[in-house]
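Structural overview
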Amino acid sequence: MKFHIVGSYLPQDYLISASNDFENGRLSPQDFRNVEDRAIDELVELQLKAGVPSVSGGELRRKYWDRDFYFGLNGIERERVDTGRIYQERWAYSNQITFTDRISYNPQHPFFEFFTYLYNKVDGRARCRQTLPSPADLYLTILDKAEGRIERLYPWTETLLDDIIDAYRSTILHFYKIGCRSIQLDDSACGRLTDPAYADELLRGGVDIMQLQNNIVKLLQDTLTGLPDDMWKTVYLSSGPTIVPDWSAAETTDNIMPRVLAMDNVDRFYMPFNTSKPETAEVLRFVNPHAAVALGLVSAHTPFHDKLGRILDFIALARTYIQPDDRLSISPKTGFKLTSYASRGLMFEDQWRKIDDIKALAATI
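Bear in mind that the values here come from a model prediction, so they are computed numbers and not experimental data.

With five of five residues buried, strand 8 (residues 268-272) is to be regarded as a mostly interior element. Because side chains alternate across strand 8, one face comprises the buried residues R268, Y270 and P272, and the other comprises F269 and M271, equally buried. In terms of strand pairing, strand 7 (residues 232-237) meets strand 8 through three bridges, oriented parallel. The residue of strand 8 that forms the bridge with Y236 is Y270. Two elements, strand 8 and strand 9 (residues 292-298), share five bridges in a ladder whose sense is parallel. Bridging across to strand 9, M271 finds its partner in L295.

Next up, the structure:
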């Protein structure tokens, strides 16, 4: 069996230190960029040594997994929220998106420069992958901030879906032009909609859930339509902080997951599972018969070993739904990068040990 990695990695200690120095004015932008470059150089070599199928930049240059990409699009600007306007200390909420125009493709998006650096460093030794936050997540971000009244935040309401789709597709095509042959959409929108509490919150805000689902499916489907055949298109499906979507809810008539998994223009889905709930493997019967699945069965958020028996039992169940075997692979449940890694006892070296464990496990199946 093959193995795959979701794509983000814990940063090196020296990069964390440099980031703190830069944020506090003790390091110049160029000096910080030099440290970032060094970290990417090291990350590339570590991925190649580990035999990772697709090499990524590990999101090491990102402060936010999603907004750093949004801020690079035309029409979206960063709004700094200072103390007193948000009554909490978490830095993750200190920069909010605001709109100055319709969302559109930016040919000078900083991610292009970052990918080119990665591509040149890899130098043909592996396929380079670019991960992007899902267009559906951008849409939900706008919906949440507007409290269900999109026109309050985005005056061009009638064109919003097409604006997002056009901006994403043009961006992805530019990545293709500069050498990218593997694009991944990291999506938490679909998984969050499987949570009854979140759906109820939207309903109380006057949101039409079925129309919202139609919009999200359109965003994902249309963004990936018309891309070059030799560009590998993958979607990672999580549910935000809780990671694993409520796969058991897929049987209900108003669940979005069967429609998403049936999309015919996705080459691989990354799907995290709770191995203590083997019955949730049944959701795999909705996966498009031409798509592969990376089973997220190994925790990336703990340094401890996972329960091998449960993993093997889950893979055996998955094989009853996904055939032939070459459509299945094993992966971590998530990326390795997370803000609370220190409190979980994780160290930079732990992720590479986990990858070695996954690689060894895949080789035995």
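Below, the discussion takes up the sheet that holds strand 1 (residues 2-3). Whether parallel or antiparallel, the strands of a sheet pair through hydrogen bonds between backbone atoms. Within the open sheet, the eight strands sit side by side as 1-10-9-8-7-6-5-2. Their pairing is parallel. Looking along the sheet, the strands with just one partner apiece sit at the ends: strand 1 and strand 2 (54-55).

Tracing the backbone shows E59 in the loop between strand 2 and helix 3 (67-70). Looking at E59, the relative accessible area reads 13%, which means it is buried. Sequence-distant contacts of E59, that is, excluding residues within four places in its chain, are made with S8, W65, T131, D186 and K337.

The next thing to look at is the confidence of the model for the chain. Chain-level statistics for the chain give a pLDDT mean of 92 and a share of 94% at 70 or above. Across residues 83-93, confidence stays below pLDDT 50; counting only partners more than four residues off in sequence or on other chains, it has 13 contacts.

What follows deals with the pattern of salt bridges. A side chain with one charge can pair with a side chain of the opposite charge if their charged atoms come near. Evaluated as defined, the whole model comprises 23 salt bridges. For D222, the salt bridge goes to K218, with nearest N and O atoms at 2.9 Å. Of this pair, D222 and K218 are both found in helix 9 (residues 209-223), four residues apart, which corresponds to roughly one turn of the helix. A relative accessible area of 31% places K218 in the partly exposed class. Note that D350 is salt-bridged to R353, the shortest N-O span being 3.6 Å. Linking D350 with R353, this pair stays in helix 12 (residues 348-364), spanning three residues, or about one helical turn. Residues joined in a network through salt bridges with shared partners are R33, E36, D37, R61 and E113.

A few words on the nonpolar core. One broad trend across soluble globular proteins is that nonpolar side chains are buried collectively. One finds I103, L138, I216, F269 and M271 to be the most contacted residues of the largest nonpolar core, which totals 108 residues. Ranked by the residues each element gives to this core, the list is headed by helix 6 (residues 160-177), at eight residues. If near-sequence neighbours (up to four positions away) are discounted, I216 is found in contact with A136, L140, A189, C190, L193 and I256.

Of all five residues in strand 10 (residues 328-332), five are buried; the element is thus mostly enclosed. Sheet topology places strand 1 next to strand 10; two bridges connect them, and they run parallel. For F3, the partnering residue across the bridge sits in strand 10 and is I330. Two strands pair when backbone bridges link them, and strand 9 and strand 10 are joined in this way by five bridges, in the parallel orientation. For V293, the partnering residue across the bridge sits in strand 10 and is L328. Since strand 9 and strand 10 lie parallel, the crossover through helix 11 (residues 308-318) that links them has a hand, and here it is right-handed.

The next thing to look at is the packing of helix 6 against helix 9. Two elements in contact, helix 6 and helix 9, have axes whose closest approach is 9 Å; the angle formed by their N-to-C orientations is 25°. Relative to helix 9, the element helix 6 lies roughly parallel. By crossing handedness, the relation of helix 6 to helix 9 is classed as right-handed. In this structure, helix 6 uses L161, D162, I164, I165, Y168, R169 and I172 to contact helix 9, whose residues at the interface are N215, K218, L219, D222 and T223. Partitioned by chemical class, the residues of the contact of helix 6 with helix 9 number six nonpolar, two polar and four charged.

So, on to the packing of aromatic side chains. The geometry of two aromatic rings is summed up by the distance between their centres and the angle between their planes. For the structure shown, the criterion picks out 15 aromatic pairs. Geometrically, the ring pair formed by F22 and F32 is stacked, given 4.8 Å between the ring centres and 10° between the ring planes. Of this pair, F22 sits in helix 1 (residues 13-23) while F32 is found in helix 2 (residues 29-50), placing the two residues 10 residues apart along the sequence. In this structure F22 comes out as partly exposed when scored by relative accessible area, which is 31%. Classification of F32 as buried rests on a relative accessible area of 12%. An angle of 40° between the planes, with centres 6.2 Å apart, marks the rings of F111 and F114 as tilted. On the criterion of helical spacing, the pair formed by F111 and F114 is a turn pair, its members being three residues apart in helix 4 (residues 110-122). The class for F111 is buried, based on a relative accessible area of 5%. The exposure class assigned to F114 is partly exposed, which follows from its relative accessible area of 22%.

Cut-offs and rules
Residues numbered from 1 in each chain as written. Predicted model: local features only at pLDDT ≥ 70, side-chain atom pairs only at ≥ 80, totals over all residues. Heavy atoms only, no water. Buried < 20%, exposed > 50% of the residue type's maximum accessible area, 1.4 Å probe, protein only. Helix = DSSP H or I, 4+ residues; strand = E, 2+ residues; numbered from the N terminus. Pairing = 2+ DSSP bridges. Contact = heavy atoms within 4.5 Å. pLDDT = per-residue confidence, 0-100. Salt bridge = Lys/Arg side-chain N within 4 Å of Asp/Glu carboxyl O. Core = buried A, V, L, I, M, F, W, Y, C linked by side-chain atoms within 4.5 Å. Right-handed = clockwise from strand over helix to strand, strands pointing away. Axes fitted to C-alpha atoms, helices over the stretch in contact; angles between N-to-C directions. Parallel < 35°, antiparallel > 145°, perpendicular 65-115°, else oblique. Left-handed = near helix turned anticlockwise from the far one by under 90°. Nonpolar A, V, L, I, M, F, W, Y, C, P; charged D, E, K, R; others polar. Phe/Tyr/Trp six-rings, centres within 6.5 Å; stacked < 30°, edge-to-face > 60°.

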